[in-house]
Amino acid sequence: MIKGVIFDLDGVLVSTDELHYKAWKRLADEIGIREFNKEDNEKQRGVSRMESLEIVLNKGQKRYTPKEKEALAERKNSYYREMLETLDDHAALAGVVATLEMLQTKGILIGIGSVSKNAPLILAKTGLLKYIDQVSCGFDIKRSKPDPEVFEVAASKLNLKEEECLVVEDSAAGVVAAKAANMKSLGVGPYYKILGADYQAKTLLDVINWEKILC
Ligand code: BG6
Ligand code: MG
(Lines give C-alpha, C1' and ligand atoms only; values in the text may rest on other atoms or scores of the structure.)
(Ligands and ions follow the chains in the order given, each with its own letter.)
Protein backbone atom coordinates (compact mmCIF):
# COMPACT_ATOMS: atom_id res chain seq x y z
CA MET A 1 0.00 0.00 0.00
CA ILE A 2 1.42 3.37 -1.08
CA LYS A 3 1.53 5.99 1.68
CA GLY A 4 3.77 8.55 0.01
CA VAL A 5 4.45 9.84 -3.51
CA ILE A 6 7.92 11.24 -4.21
CA PHE A 7 8.05 13.54 -7.21
CA ASP A 8 11.10 14.44 -9.22
CA LEU A 9 10.91 18.18 -9.90
CA ASP A 10 12.52 19.25 -13.21
CA GLY A 11 10.35 17.98 -16.06
CA VAL A 12 7.76 16.42 -13.74
CA LEU A 13 6.22 19.28 -11.76
CA VAL A 14 7.73 22.23 -13.67
CA SER A 15 9.21 22.50 -17.18
CA THR A 16 12.55 23.67 -15.80
CA ASP A 17 14.19 20.89 -17.87
CA GLU A 18 13.81 23.30 -20.84
CA LEU A 19 15.47 26.11 -18.88
CA HIS A 20 18.37 23.83 -17.92
CA TYR A 21 18.86 23.12 -21.63
CA LYS A 22 18.80 26.82 -22.59
CA ALA A 23 21.33 27.70 -19.88
CA TRP A 24 23.72 24.85 -20.84
CA LYS A 25 23.33 25.74 -24.53
CA ARG A 26 24.28 29.37 -23.82
CA LEU A 27 27.38 28.27 -21.91
CA ALA A 28 28.32 25.71 -24.59
CA ASP A 29 28.03 28.33 -27.35
CA GLU A 30 30.13 30.79 -25.35
CA ILE A 31 32.97 28.30 -24.93
CA GLY A 32 32.82 27.25 -28.58
CA ILE A 33 31.01 23.91 -28.20
CA ARG A 34 28.37 24.41 -30.89
CA GLU A 35 27.69 20.65 -31.19
CA PHE A 36 25.91 20.45 -27.83
CA ASN A 37 22.28 19.60 -28.66
CA LYS A 38 18.94 18.33 -27.33
CA GLU A 39 20.07 14.73 -27.52
CA ASP A 40 23.01 15.46 -25.19
CA ASN A 41 20.62 17.36 -22.94
CA GLU A 42 18.44 14.26 -22.54
CA LYS A 43 21.42 12.55 -20.88
CA GLN A 44 21.54 15.39 -18.36
CA ARG A 45 18.09 14.57 -16.96
CA GLY A 46 18.43 13.52 -13.34
CA VAL A 47 22.21 13.85 -13.14
CA SER A 48 24.08 16.39 -11.02
CA ARG A 49 25.27 19.81 -12.16
CA MET A 50 28.93 18.74 -12.38
CA GLU A 51 28.07 15.53 -14.26
CA SER A 52 25.90 17.60 -16.61
CA LEU A 53 28.87 19.89 -17.24
CA GLU A 54 31.00 16.87 -18.20
CA ILE A 55 28.37 15.92 -20.80
CA VAL A 56 28.78 19.40 -22.34
CA LEU A 57 32.59 19.41 -22.17
CA ASN A 58 32.83 15.93 -23.71
CA LYS A 59 31.44 17.46 -26.92
CA GLY A 60 34.52 19.69 -27.19
CA GLN A 61 38.29 19.15 -27.26
CA LYS A 62 39.50 21.55 -24.57
CA ARG A 63 40.49 20.23 -21.13
CA TYR A 64 39.66 22.24 -18.02
CA THR A 65 41.09 22.19 -14.48
CA PRO A 66 38.73 21.37 -11.57
CA LYS A 67 38.73 25.08 -10.63
CA GLU A 68 37.79 26.13 -14.16
CA LYS A 69 35.02 23.51 -14.18
CA GLU A 70 33.62 24.94 -10.94
CA ALA A 71 33.56 28.37 -12.54
CA LEU A 72 31.82 27.05 -15.68
CA ALA A 73 29.16 25.26 -13.62
CA GLU A 74 28.65 28.41 -11.58
CA ARG A 75 28.29 30.45 -14.77
CA LYS A 76 25.65 28.07 -16.13
CA ASN A 77 23.84 28.19 -12.80
CA SER A 78 23.76 32.00 -12.88
CA TYR A 79 22.13 31.90 -16.34
CA TYR A 80 19.68 29.28 -15.08
CA ARG A 81 18.80 31.29 -11.94
CA GLU A 82 18.19 34.36 -14.11
CA MET A 83 15.63 32.26 -16.04
CA LEU A 84 14.06 30.95 -12.82
CA GLU A 85 13.15 34.55 -11.98
CA THR A 86 10.40 34.30 -14.62
CA LEU A 87 8.68 31.41 -12.79
CA ASP A 88 5.39 32.02 -11.03
CA ASP A 89 2.38 29.95 -10.00
CA HIS A 90 1.44 29.36 -13.66
CA ALA A 91 4.64 27.34 -14.16
CA ALA A 92 3.33 24.01 -12.86
CA LEU A 93 2.90 21.46 -15.67
CA ALA A 94 -0.49 20.11 -16.78
CA GLY A 95 -2.34 18.19 -14.08
CA VAL A 96 0.20 18.91 -11.33
CA VAL A 97 -1.89 20.98 -8.92
CA ALA A 98 -4.97 18.75 -9.34
CA THR A 99 -2.81 15.66 -8.67
CA LEU A 100 -1.21 17.14 -5.56
CA GLU A 101 -4.63 18.18 -4.23
CA MET A 102 -6.06 14.73 -4.94
CA LEU A 103 -3.19 13.03 -3.09
CA GLN A 104 -3.57 15.40 -0.14
CA THR A 105 -7.29 14.61 0.03
CA LYS A 106 -6.47 10.91 0.16
CA GLY A 107 -3.99 11.50 3.01
CA ILE A 108 -1.00 10.46 0.90
CA LEU A 109 2.26 12.16 1.93
CA ILE A 110 4.03 14.16 -0.77
CA GLY A 111 7.81 14.35 -1.12
CA ILE A 112 10.31 15.78 -3.58
CA GLY A 113 13.28 13.69 -4.75
CA SER A 114 15.40 15.97 -6.95
CA VAL A 115 19.18 16.20 -7.27
CA SER A 116 18.82 19.92 -7.99
CA LYS A 117 20.17 22.44 -5.50
CA ASN A 118 17.65 24.91 -6.94
CA ALA A 119 14.66 22.76 -5.91
CA PRO A 120 13.74 24.83 -2.81
CA LEU A 121 13.80 28.06 -4.84
CA ILE A 122 11.67 26.58 -7.65
CA LEU A 123 9.10 25.19 -5.20
CA ALA A 124 8.84 28.57 -3.49
CA LYS A 125 8.55 30.58 -6.71
CA THR A 126 5.88 28.33 -8.22
CA GLY A 127 3.74 28.18 -5.08
CA LEU A 128 4.05 24.36 -5.01
CA LEU A 129 5.83 24.29 -1.66
CA LYS A 130 2.55 24.39 0.24
CA TYR A 131 1.65 20.92 -1.08
CA ILE A 132 4.98 19.32 -0.16
CA ASP A 133 5.54 17.48 3.13
CA GLN A 134 9.30 16.88 2.72
CA VAL A 135 12.02 17.87 0.25
CA SER A 136 15.06 15.74 -0.55
CA CYS A 137 17.32 17.70 -2.92
CA GLY A 138 20.89 18.29 -4.03
CA PHE A 139 21.84 19.62 -0.58
CA ASP A 140 20.86 16.32 1.09
CA ILE A 141 22.85 13.86 -1.01
CA LYS A 142 26.34 12.83 -2.04
CA ARG A 143 25.40 10.75 -5.09
CA SER A 144 23.00 11.68 -7.90
CA LYS A 145 20.54 9.42 -9.77
CA PRO A 146 20.72 6.57 -10.79
CA ASP A 147 21.91 6.11 -7.19
CA PRO A 148 18.82 5.66 -4.96
CA GLU A 149 20.09 8.04 -2.24
CA VAL A 150 17.82 11.01 -3.05
CA PHE A 151 14.70 8.81 -2.83
CA GLU A 152 15.91 6.98 0.28
CA VAL A 153 16.43 10.33 2.00
CA ALA A 154 12.93 11.44 0.91
CA ALA A 155 11.35 8.25 2.32
CA SER A 156 13.24 8.64 5.56
CA LYS A 157 12.20 12.32 5.89
CA LEU A 158 8.58 11.26 5.26
CA ASN A 159 9.04 8.60 7.90
CA LEU A 160 7.96 5.87 5.44
CA LYS A 161 9.46 2.56 4.38
CA GLU A 162 10.83 2.47 0.83
CA GLU A 163 8.15 0.04 -0.37
CA GLU A 164 5.43 2.44 0.84
CA CYS A 165 6.61 5.08 -1.65
CA LEU A 166 5.89 5.65 -5.34
CA VAL A 167 8.29 7.73 -7.44
CA VAL A 168 7.18 9.97 -10.33
CA GLU A 169 9.99 10.53 -12.83
CA ASP A 170 10.78 11.82 -16.32
CA SER A 171 14.31 10.41 -16.55
CA ALA A 172 15.69 6.92 -17.13
CA ALA A 173 18.29 7.55 -14.39
CA GLY A 174 15.46 8.39 -11.98
CA VAL A 175 13.53 5.21 -12.77
CA VAL A 176 16.68 3.13 -12.22
CA ALA A 177 17.16 4.98 -8.90
CA ALA A 178 13.56 4.25 -7.87
CA LYS A 179 14.00 0.53 -8.61
CA ALA A 180 17.27 0.49 -6.67
CA ALA A 181 15.40 2.07 -3.75
CA ASN A 182 12.75 -0.69 -3.98
CA MET A 183 10.06 1.81 -4.98
CA LYS A 184 7.45 1.53 -7.74
CA SER A 185 7.58 4.25 -10.38
CA LEU A 186 5.33 6.26 -12.68
CA GLY A 187 7.12 7.53 -15.80
CA VAL A 188 5.95 10.82 -17.37
CA GLY A 189 7.28 13.34 -19.92
CA PRO A 190 8.41 13.08 -23.55
CA TYR A 191 10.12 9.71 -23.04
CA TYR A 192 7.52 8.14 -20.74
CA LYS A 193 7.18 5.02 -22.90
CA ILE A 194 10.85 4.07 -22.76
CA LEU A 195 11.80 4.85 -19.19
CA GLY A 196 11.09 1.35 -17.91
CA ALA A 197 8.69 2.61 -15.23
CA ASP A 198 5.97 0.40 -13.69
CA TYR A 199 3.24 2.83 -14.79
CA GLN A 200 3.26 5.32 -17.64
CA ALA A 201 1.47 8.53 -18.66
CA LYS A 202 2.50 11.40 -20.95
CA THR A 203 1.56 13.99 -18.31
CA LEU A 204 0.01 13.89 -14.85
CA LEU A 205 -3.21 14.97 -16.53
CA ASP A 206 -3.28 11.64 -18.37
CA VAL A 207 -3.03 9.36 -15.32
CA ILE A 208 -6.34 7.57 -15.12
CA ASN A 209 -5.59 4.70 -12.77
CA TRP A 210 -4.44 6.34 -9.52
CA GLU A 211 -6.55 3.85 -7.55
CA LYS A 212 -4.50 0.96 -8.99
CA ILE A 213 -1.18 2.82 -8.70
CA LEU A 214 -1.73 3.62 -5.02
CA CYS A 215 -2.86 0.16 -3.94
C1 BG6 B 1 18.06 17.63 -12.13
C2 BG6 B 1 18.08 17.88 -13.62
O3 BG6 B 1 16.77 17.74 -11.64
O4 BG6 B 1 18.89 18.58 -11.46
C5 BG6 B 1 19.51 17.85 -14.12
O6 BG6 B 1 17.31 16.87 -14.27
C7 BG6 B 1 20.36 18.86 -13.36
O8 BG6 B 1 19.52 18.12 -15.50
C9 BG6 B 1 20.26 18.56 -11.87
O10 BG6 B 1 21.71 18.78 -13.79
C11 BG6 B 1 21.06 19.54 -11.00
O12 BG6 B 1 20.42 20.78 -10.99
P13 BG6 B 1 20.96 22.11 -10.33
O14 BG6 B 1 19.74 23.00 -10.33
O15 BG6 B 1 21.44 21.80 -8.94
O16 BG6 B 1 22.06 22.62 -11.19
MG1 MG C 1 13.49 15.31 -14.13
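Bear in mind that the values here come from a model prediction, so they are computed numbers and not experimental data.

Caption draft 1: Main features of the packing of aromatic side chains. Within this structure, the stated rule accounts for 1 aromatic pair. Seen in terms of ring centroids, Tyr 21 and Phe 36 are 5.8 Å apart; in terms of plane orientation they differ by 35°. Their pairing is tilted. One end of the pair, Tyr 21, is in helix α1 (residues 16-30); the other, Phe 36, is in the loop between α1 and α2 (38-42), with 15 residues separating them in the sequence. Against the face of Tyr 80 rests Lys 76, its NZ or CZ located 4.5 Å from the ring centre.

Caption draft 2: Just the pairing of strand β2 (residues 109-113), in detail. Burial within β2 is extensive, with 4 of its 5 residues counted as buried. Of the pairings in the sheet, the one linking strand β1 (residues 4-7) to β2 comprises 4 bridges and is parallel in character. By the bridge assignment, Val 5 is partnered in β2 with Ile 110. As defined by bridge partners, β2 adjoins strand β3 (residues 134-136) across 3 bridges and the pair is classed as parallel. Bridge pairing in β3 links Gly 111 to Gln 134. Taken together, β2, helix α6 (residues 119-125) and β3 constitute a β-α-β crossover, and its handedness is right-handed.

Caption draft 3: Layout of the coordination of the magnesium ion (ligand 2). The coordination sphere of the magnesium ion (ligand 2), as far as protein atoms go, consists of Asp 8 (OD), Asp 10 (O) and Asp 170 (OD), spread over 2.1 to 2.2 Å. The sequence pattern describing where the donors of the magnesium ion (ligand 2) fall on their chain is D-x1-D-x159-D. One end of the pair, Asp 8, is in the loop between β1 and α1; the other, Asp 170, is in the loop between β4 (165-169) and α8 (172-180), with 162 residues separating them in the sequence. For the pair Asp 8 and Asp 170, a shared accessibility class is recorded, and that class is buried.

Caption draft 4: Examining the site of ligand 1 more closely. Neighbouring ligand 1 are 15 residues, the closest being Asp 10, Gln 44, Arg 49, Ser 116 and Lys 117. A distance of 2.7 Å is found between an oxygen atom of ligand 1 and a backbone nitrogen or oxygen belonging to Gln 44. Contact between ligand 1 and Lys 117: an oxygen atom at 2.7 Å from a main-chain N or O atom of the residue. In the complex, the protein chains occlude 96% of the 400 Å² of accessible area that ligand 1 would expose alone.

Caption draft 5: View of the sheet that holds β1. Taking strand neighbours across the sheet as the criterion, the 6 strands line up as β3-β2-β1-β4-β5-β6 in an open arrangement whose pairing is parallel. Edge strands, defined here as strands with exactly one partner in the open sheet, are β3 and β6 (199-200). Across the sheet, helix α5 (residues 96-105) is in contact with β1 and β2; its angle to β1 comes to roughly 155°.

Caption draft 6: Summary view of the pattern of salt bridges. A full pass over the atoms with the stated rule returns 20 salt bridges. Note that Asp 29 is salt-bridged to Lys 25, the shortest N-O span being 3.6 Å. Of this pair, Asp 29 and Lys 25 both sit in helix α1, 4 residues apart, which is roughly one turn of the helix. Residue Asp 29 is classed as partly exposed on the basis of its relative accessible area of 25%. Close ionic contact of Arg 26 with Glu 82 constitutes a salt bridge, the shortest N to O distance being 3.9 Å. One end of the pair, Arg 26, is in helix α1; the other, Glu 82, is in helix α4 (residues 66-84), and 56 residues separate them in sequence. The class for Glu 82 is exposed, based on a relative accessible area of 51%.

Caption draft 7: Main features of α4. The end-to-end C-alpha distance of α4, which contains 19 residues, comes to 26 Å, matching closely the 27 Å that a straight helix rising 1.5 Å per residue would cover. If you check which residues of α4 are buried, you get Lys 69, Leu 72, Ala 73, Lys 76, Asn 77, Tyr 79, Tyr 80, Met 83 and Leu 84. Across the axial projection of α4, the buried residues extend over an arc of 160°, all falling on one side. Of the residues in α4, the exposed ones pointing more than 90 degrees away from the buried face are Lys 67 and Glu 82.

Rules used throughout
- Residues numbered from 1 in each chain as written.
- Chains lettered and ligands numbered in written order.
- Predicted model: local features only at pLDDT ≥ 70, side-chain atom pairs only at ≥ 80, totals over all residues.
- Heavy atoms only, no water.
- Phe/Tyr/Trp six-rings, centres within 6.5 Å; stacked < 30°, edge-to-face > 60°.
- Helix = DSSP H or I, 4+ residues; strand = E, 2+ residues; numbered from the N terminus.
- Lys NZ or Arg CZ within 6 Å of the ring centre and 35° of its normal.
- Buried < 20%, exposed > 50% of the residue type's maximum accessible area, 1.4 Å probe, protein only.
- Pairing = 2+ DSSP bridges.
- Right-handed = clockwise from strand over helix to strand, strands pointing away.
- Donors = N, O, S within 2.8 Å, 3.2 Å for Na, K, Ca; no water.
- Near = heavy atom within 4 Å.
- Polar contact = N/O pair within 3.5 Å; in protein donor to acceptor, adjacent residues only side chain to side chain.
- Areas by Shrake-Rupley, 256 points an atom, 1.4 Å probe, with all protein chains shown as cover.
- Contact = heavy atoms within 4.5 Å.
- Axes fitted to C-alpha atoms, helices over the stretch in contact; angles between N-to-C directions.
- Salt bridge = Lys/Arg side-chain N within 4 Å of Asp/Glu carboxyl O.
- Expected span 1.5 Å × (residues − 1).
- Arc of directions from axis to C-beta.

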